[in-house]
Amino acid sequence: ESTHYRAHSLHSGRLSVPEDQNLLLAAAYVSDAQYNRNVPFETSPRAIRLYYFYNHWTMQVAIYFFICVDLSLALFEEPALFPLPFLATSLAEVLCLTAFFGRLVHFAKVTPQMVFWKDMKNICIMVTIVLTLIDLIIYGSLEAVNVHSVRWSRALRPVFLINFPESRQIRRTFRSIRNTLPDILYVFLLFMFSVLIFSLMALKLFGDRGLKTVEGLPYFTNILDIVFELYVLVTTANSPDVMMPAYNFNWWYCLYFITYTIINTYIFMSVFLAVVYNNYRKHLKNEIRKLAYLKRHKMIEAFNILKVKVGTEFVVTEAQWRRLAKVVAPHISSPHLELLLRISDEGQKGHVDKVSFLRLADLLNIQVVTINIRRHPLEDWMPRVYRSSASLLVQRMVRHRIFVWVYDVIILINAIFIALDERNPFISYAEWLFLSLYIIEILLKLYTYEPRAYFGTHKMECYVMVGFLFFFFLARKYNSQQILDIVLILRILRLLRIIVSIQRFRVIVTTLINIGPTILTFGGLVLVVYYVFAIIGMEAFHGKVRFSDPNFTSPDALVCGNPALKDSAFARDRYCKNNFNDLASSFIVLMELTVVNQWHNILSETGPAASPGLLGVGIFIAFILEAFFVAYSLEKSEVETAIEKKIQELGVGIQEEEMQDGMLVDNVDAKDSGFSGDDGDNKRKDLKGLYFRIASKKYRTVDALLQQMFESEIAPEEEGPSLDEILNFSPGDLYPKNPNFENSA
C-alpha cells in the first residue's frame, strides 16, 4: 500500500500555498521513510505532485501487471505451451514496453536529471527496451520470409522486474548475493582442488584394475569422467552406485569413498554453507544499516520543514502534525489518529518534539486494530432465552478449554479413520458421524460467539469446513474422482487445528508464517534466475527430447525421440518429460536440477551448462536461517511497546492472546467507531465502546525485522551520519577493527 495522492484536499482547506507545499514535501519524506523508499526527487511543487502520483498504488499495480504479462508471454511464444500467432505476442510485448517507457519517463520527471542518468537501473531499462525492439523487428522480418531465428531478447525480460524501484527488495537481495560471491569463490576453489586430488588418487587406484560399470563401460580410466563422477558424489546423487564396482572388487576400497564423502560432502559443504551464511548476513546487515540511517535522515528533513520554535526548542504543532498524518495515511481513522497523537504528545502540550516526531513513520507502520465491542444478535432478538440458565451453561461449556480438547481428540480419532480403508462400510459411515460432530461444533460456536467476529478470527477453520461440505456433497452427486480428491485433502487439512492448539507448535508455525514474505522475496529472485535459464534452455534444447505415452514401445519413444540418448540412463528411466520444449517444462527441469537428485542423468539431455549447482541451495538455506533466527528471537520494538503502554493507560486495550483464546471474540467487531458504544454482556460490562490492540506480527519481511533491531541501537536524539557517508557504508564498518572478547561476542 503506498501513499495516496490527496493534494487537492489540502488546497480546499485553510492552508496557504507555501504551507501546502511544505506539508506535501514533508509528507513525501515521511512516506518514503515509512515504506523504505530511497528515491531522490525534485522538491518543486510540480515534481512533488508527480512523485505522489508515481507512488500511488494504482501505478504500482499497473507496472506489476505489465511485468507479469511480459514474463508470461513465453508461455505463448514458440516453443509454446499455449501457442499464439507472433503478431499477437509481439503487439502485447510492444504494449508492455510502452508502459515501461512511460513509467521511466514519469520517473525522469520527478528525479534530478544528473541523478537519473547516473542511475544504472534506468540505463538498463532503456537499453533492454531498445534491444527488445531491435530483436522484435529482426525476428518478425525473418519470420515473414519463413526464416527461423532466435528470440534472444526474451532472456532480458527479468531486467524490468529487477530494475524498477518497486522491486527494491529483490534488488537488495541480488546485491547481497553478488557481494557474497568473491568470498565463496575461495572456498569453492579449495573444494575443487580437493576433488581434483581425490580424482588423481582414484585414477591411480582403479584405472589399471580393468573394472567395468554396470553398463559395461571402463571404470575410472578418464580423469575428466572421474572429476565429474566425484563432483556428482558430493551431492549424493550417484551414491552408492559410483562406489559399487570398486567395492565389489575389494571391500577395502570403500574406505576411499567414505573418506571422500566425509571430507567433501560433510566438512566442505558445511564450511561452504557457513561462509555463504556469514557473508550473506554481513552484506545484508550493511544494506539494512543504510536503510535505517536513510529513514532517520528523511524524518529529520521532514521535521526541519515543519518545525517552529517554542521556547528554547524546535517542535511541530499539533495541528500541523494532524495534517501531516492525514496526508501520509489518508484512510487512518480518527480514533487511531488520536491514539498516535497521545503517544507522540505525551504531556498534552499541544506540540510534538523532535524525538517523538522521528517515530511517526514507525507509528504509522504498526498496525493497530480498532475494534468495537458488540453483543450477540440473539441477545437483541430474544434476550430472555439467550440469557437463561440453560443458555449460559451452554455458552460456558463452549468457552471452556475442555471443549477444545474434546474436539482435538475427535480430530485425532478422525485422522486414524482417514488412514483406514474407506471401502469398509463402517469406516464410510463413521465419516458421516465426524461430519455431524464438526457441524455441531460450528453451530455451538456461532451460538456462543458473535458470528462476524467468529468468522473473522477462525477464517481458516471455516473455509476448510465450508469447502469440505460443498465438495463432499458435490462428489456424492456427480461421482467425480477429482472432486473426491479435493474432499480428501480438505479432510486432512482439519488436522492443522491440532498444531495451532499446542503452544510450542504455535510459536514455530507463527515464525514460519512470519518469514513468508521473505521466502516470497527469494521466490522473486529464483524466478529471475529460472526464467533466464529457461529461455536459454528452450532456445538451445527445444525439440531435442520428445515425450511419448509410457505405453508406447516404438524405438523412437524408447529413446525420447533422440537416437543420441540410446542406452542412456535418461532414456532408461523414462525422463522424456524432463525437457525444454516449453516454459512450464523448463521450470520443472530447473527445479529438479536445483534439488540435485538424479541431476547427472538429466544432464544427458542438457549438457553440463544447465547445472544450477550448490550455490543457489546454500544461499537459500542462508536466507531461511537468517529469517527464522530473526523472527523467532524478535521482541517487541520500542514503538510497539509505547503504543501498547498508551493503550493500557487509556483503558482501551485488548490483548492478542485474548482474541486467540476466544475470551472476547464473541463481542469483537472490526469496525471503527467513536470512543463510546453499547454496553457488553454481564461478564464484560467493564469493556465499553472502542478498543485497540496491536495486530499480529505476521507477514513481515526479514529486512523489516532486521531494520527494527538495528534502529533500537540508534539513540533517539542521534541524527546519524551525512547522506554521502550513509551511501558509502561498507560491511567492514559494522565490525570493530581490533576485536576483543566482549565485542566479538
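All figures in this text were calculated on a predicted structure; none of them were measured in a lab. (Residues numbered from 1 in each chain as written. Predicted model: local features only at pLDDT ≥ 70, side-chain atom pairs only at ≥ 80, totals over all residues. Heavy atoms only, no water.)

Some points on the confidence of the model for the chain
To be explicit about the condition: What pLDDT expresses is the predictor's confidence in each residue, scored from 0 to 100. Helix and strand definitions follow DSSP, with helices as H or I runs of at least four residues and strands as E runs of at least two, each counted in order from the N terminus. For this analysis, residues touch if any pair of their heavy atoms sits within 4.5 Å.
Mean pLDDT for the chain: 76, with 72% of residues reaching 70 or above. No element of the chain has a lower mean pLDDT than helix α1 (residues 7–11), which averages 36, and none a higher one than helix α5 (residues 86–110), which averages 94. Per-residue pLDDT stays below 50 along residues 1–16; that stretch engages in 38 contacts with residues further than four places along the chain or on separate chains. Counted against residues more than four places away or in other chains, residues 735–745, with its pLDDT under 50, gives five contacts.

Quick look at the nonpolar core
Cut-off, in case you're wondering: Joining through side-chain atoms within 4.5 Å is the link that ties buried Ala, Val, Leu, Ile, Met, Phe, Trp, Tyr and Cys residues into a set, and such a set is a nonpolar core. Three labels apply to residues, based on accessible area from a 1.4 Å probe with only protein chains included: buried if under 20% of the type maximum, exposed if over 50%, partly exposed otherwise in between.
Core analysis: the biggest nonpolar cluster contains 113 residues, and Phe 100, Phe 206, Phe 257, Trp 321, Leu 324 and Phe 357 have the highest contact counts within it. Once residues lying within four places of it in the same chain are set aside, the contact partners of Phe 357 are Met 299, Ala 302, Phe 303, Val 316, Trp 321, Leu 324 and Val 352. In terms of nonpolar packing, the next biggest core, distinct from the first, is built from 11 residues, Phe 403, Tyr 407, Phe 434 and Tyr 438 among them.

Focus on the packing of aromatic side chains
Using the following cut-off: Only Phe, Tyr and Trp rings are paired, with Trp represented by its six-membered ring, and only when their centres lie within 6.5 Å; those with planes under 30 degrees apart are stacked, over 60 edge-to-face, the remainder tilted.
Evaluated as defined, the whole model comprises 30 aromatic pairs. When the ring of Tyr 29 is compared with that of Phe 41, the centres are 5.4 Å apart and the planes differ by 40°; the resulting orientation is tilted. Taken together, the positions of Tyr 29 in helix α2 (residues 17–34) and Phe 41 in the loop between α2 and α3 (45–54) put the pair 12 residues apart, joining distant regions of the chain. One exposure class covers both Tyr 29 and Phe 41, and it is buried. Ring centres 6.0 Å apart and planes at 55° place the aromatic pair Phe 206 and Tyr 219 in the tilted group. Of the two residues, Phe 206 is situated in helix α9 (residues 168–206) and Tyr 219 in the loop between α9 and α10 (223–234); the sequence distance between them amounts to 13 residues.

Things to note about the sheet that holds strand β3 (residues 351–353)
Worth spelling out the cut-off: The criterion for strand pairing is that DSSP finds at least two bridges linking the strands in question. Axis definition: a line fitted to C-alpha atoms, limited for helices to the stretch in contact. Angles are taken between N-to-C directions and run from 0 to 180 degrees.
Here we have three strands laid out as an open sheet, ordered β1-β2-β3, and antiparallel in their pairing. Strand pairing shows two members of the sheet lacking a second neighbour, β1 (308–310) and β3, which therefore form its edges. Neighbour-to-neighbour, the strand axes of the sheet open up by a mean angle of 55°, direction not taken into account. Judged from the three bridges that link them, strand β2 (residues 313–317) and β3 form a sheet pairing that is antiparallel. For Thr 317, the partnering residue across the bridge sits in β3 and is His 351. Against the sheet, helix α12 (residues 254–306) makes contact with β1, β2 and β3, and its axis sits at roughly 85° relative to β2, the strand it touches most.

Looking at the state of the cysteines
Counted only if it meets this: Throughout, a disulfide means two cysteine sulfur atoms within 2.5 Å of one another.
A complete count under the given rule lists one disulfide for this structure. One disulfide in the model links Cys 560 with Cys 576; its S-S distance is 2.0 Å. What sets the handedness of the Cys 560 and Cys 576 disulfide is the S-S torsion sign, and at about -65° it is left-handed. Note that Cys 560 is positioned in the loop between α28 (555–558) and α29 (569–572) and Cys 576 in the loop between α29 and α30 (583–595), a separation of 16 residues in sequence. As far as the burial class goes, Cys 560 and Cys 576 line up, both buried. The closest cysteine sulfur to the non-disulfide-bonded Cys 96 is located on Cys 68, 9.8 Å from its own sulfur.

A look at the environment of His 542
With respect to the helices and strands, His 542 occurs in the loop between α27 (516–541) and α28. According to the relative accessible area criterion, His 542 is partly exposed, its value standing at 42%. Each C-alpha atom of the pair His 542 and Glu 78 lies 9.5 Å from the other, and the pair is 464 residues apart in sequence. The residues contacting His 542, other than those within four sequence positions of it, are Pro 79, Gly 537, Phe 580 and Asn 581.

Observations regarding the pattern of salt bridges
The condition that has to hold: The working definition used for a salt bridge is a side-chain nitrogen of Lys or Arg within 4 Å of a carboxyl oxygen of Asp or Glu.
Tallied over the entire structure, the rule returns 17 salt bridges. Here Arg 322 ties to Glu 338 by a salt bridge, and the two come within 3.1 Å at their closest N and O atoms. In this pair, Arg 322 sits in helix α13 (residues 318–328) while Glu 338 sits in helix α14 (residues 334–344), placing the two residues 16 residues apart along the sequence. Given a relative accessible area of 26%, Arg 322 falls into the partly exposed group. With a relative accessible area of 22%, Glu 338 lands in the partly exposed category.

Some points on the side chain of Asp 32
Mapped onto the secondary structure, Asp 32 falls in helix α2. Look at Asp 32 and you get buried, because its relative accessible area is 0%. Contact partners of Asp 32, with chain neighbours within four places excluded, come to Arg 37, Val 39, Phe 41, Tyr 51, Asn 55 and Lys 298.

Details of the pairing of β2
Of the strand pairs in this sheet, β1 and β2 are connected by three bridges, and their pairing is antiparallel. Paired with Val 308 across the strands is Val 315, a residue of β2.

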